[in-house]
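Chain and residue survey
For reference, the chains in residue letters:
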Amino acid sequence: MVHILVAGQDGTFSCAHRLHIHALPHGRAKHQQAAALHTQRLNNALGSIRVLGLDLREHELKPHLSTVMSAIQEHRKGAAEQVVVSGILPVLALSLRIRGPLTLPTATLVAELAKESVVRKGFGEAGLVTALLSVLTSVDQELLLLATQAISRTAYDSTTQQELLLRQGAVPRLVSVLLRGPGRPLEAACLRALCNLSNMGEAEEAGLLWERGPNLKPEESVYRGVSPHAHGGFGSSVTLVRVVRRGPGQYACSVEVSQRCSASFWNLHGHRRSERRFPLSGLAGWFKSLRCAGPKTPRAQGLRTRVFQTFL
């Protein structure tokens, strides 16, 4: 809005005209320009990774991987979709397989991409599922953690991806990593991945707190995960993962998820709490079993129980 003042002969001023000027707000225009610049940078990075691929030297490829990582971490609009259509997923799978200096930054990016459902659903076709599983033979703890996180996120809430990972032997590889006695972050990632593969996992944001449970048998390892968040104010979920040695190189892995009820729940329903009836190590609830024995052994399947057999 502009006011034009006209000076009179007596020295006074009067408003002669008022003009309305319509223009794009400066802040909005600046934001659009920045968004367009970020999109162009992402396109350039994706194009470089796809076209040049592993022919790029480490110092040349790393900036492009970082650009894609930033776009995904900052949840820029359309970034995940751009990654899908760019065709870089097979290139990332190849980078994971060759175990070169780019493997770690590639695994970091893949673990971040696995958070996006639109991206991770293409992992199987791109060869990233088998590439991630191959990484589980590494002794690098950081690389193992990233690969396990990516596998866990890929399996979360997707029966299609779960079946693919199970067919590719994800369970025995994860159990093998778990039995090596890894650090707490890697141990928690392995347990979360096993829960997701059994279709009984919770979102990462749930923050399950894992601890070693009592071993009733010398050949048994028990892990207990408790959700710190109450469900509707009536209690929290309890997840039990058991790994039992059946024979040389043969293990059974079971996952159980139950609800631990609070006093308010029992008071509401007129019941008394009974630790004997609801022991923490044997709560009633969903049960799924992943048993590890020869790859040609038929798979048994039921409404609440699924059994998978293979040797470690």
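Relevant structure appears above.
**A short note on the overall build of the chain**
In terms of regular secondary structure, the chain is built from 13 helices and seven strands. Relative to its 312 residues, the chain shows a buried fraction of 42%. Surface accessibility of the chain: about 17,300 Å² in total, with carbon and sulfur atoms responsible for 54%.

**Details of the side chain of Asn196**
Mapping Asn196 onto the fold places it in helix 12 (residues 184-197). Its relative accessible area of 3% is what places Asn196 among the buried residues. Within the structure, Asn196 has its side chain in polar contact with the side chain of Ser152 (distance 2.8 Å). Apart from residues no more than four positions distant in its own chain, Asn196 is found in contact with Ser152, Ala155, Tyr156, Gln162, Gly201 and Glu202.

**Describing the packing of helix 9 (residues 141-155) against helix 10 (residues 159-167)**
Two elements in contact, helix 9 and helix 10, have axes separated by 7 Å at closest approach and are oriented at 135°. With respect to each other, helix 9 and helix 10 are oriented oblique. Along the contact surface, helix 9 presents Ile151, Thr154 and Ala155, while helix 10 presents Gln161, Gln162 and Leu165. Looking at the contact of helix 9 with helix 10 residue by residue, the classes come out as three nonpolar, three polar and no charged.

**Some details on the nonpolar core**
Within the largest apolar cluster, 69 residues are counted, with the highest numbers of intra-cluster contacts made by Val83, Leu89, Leu92, Leu113, Phe123 and Val241. Among the elements that take part in this core, helix 12 stands out by supplying eight residues, more than any other. Ignoring sequence-local partners within four residues, the contact set of Leu89 consists of Val83, Leu113, Val119, Gly122, Phe123, Ala126 and Leu128.

**Things to note about helix 12**
Residues three or four positions apart in an α-helix share a direction because the helix packs 3.6 residues into each turn. In this model, helix 12 (14 residues) spans 20 Å end to end at C-alpha, consistent with the 20 Å of a helix rising 1.5 Å per residue. Within helix 12, eleven of the 14 residues are buried, which leaves the element mostly enclosed by the surrounding structure. Leu186, Glu187, Ala188, Ala189, Cys190, Leu191, Ala193, Leu194, Cys195, Asn196 and Leu197 are the residues of helix 12 that are buried. Phi turns positive one or two residues past the end of helix 12, at Asn199, with a value near 65°.

Scoring rules and cut-offs
Residues numbered from 1 in each chain as written. Predicted model: local features only at pLDDT ≥ 70, side-chain atom pairs only at ≥ 80, totals over all residues. Heavy atoms only, no water. Helix = DSSP H or I, 4+ residues; strand = E, 2+ residues; numbered from the N terminus. Buried < 20%, exposed > 50% of the residue type's maximum accessible area, 1.4 Å probe, protein only. Areas by Shrake-Rupley, 256 points an atom, 1.4 Å probe, with all protein chains shown as cover. Polar contact = N/O pair within 3.5 Å; in protein donor to acceptor, adjacent residues only side chain to side chain. Contact = heavy atoms within 4.5 Å. Axes fitted to C-alpha atoms, helices over the stretch in contact; angles between N-to-C directions. Parallel < 35°, antiparallel > 145°, perpendicular 65-115°, else oblique. Nonpolar A, V, L, I, M, F, W, Y, C, P; charged D, E, K, R; others polar. Core = buried A, V, L, I, M, F, W, Y, C linked by side-chain atoms within 4.5 Å. Expected span 1.5 Å × (residues − 1).

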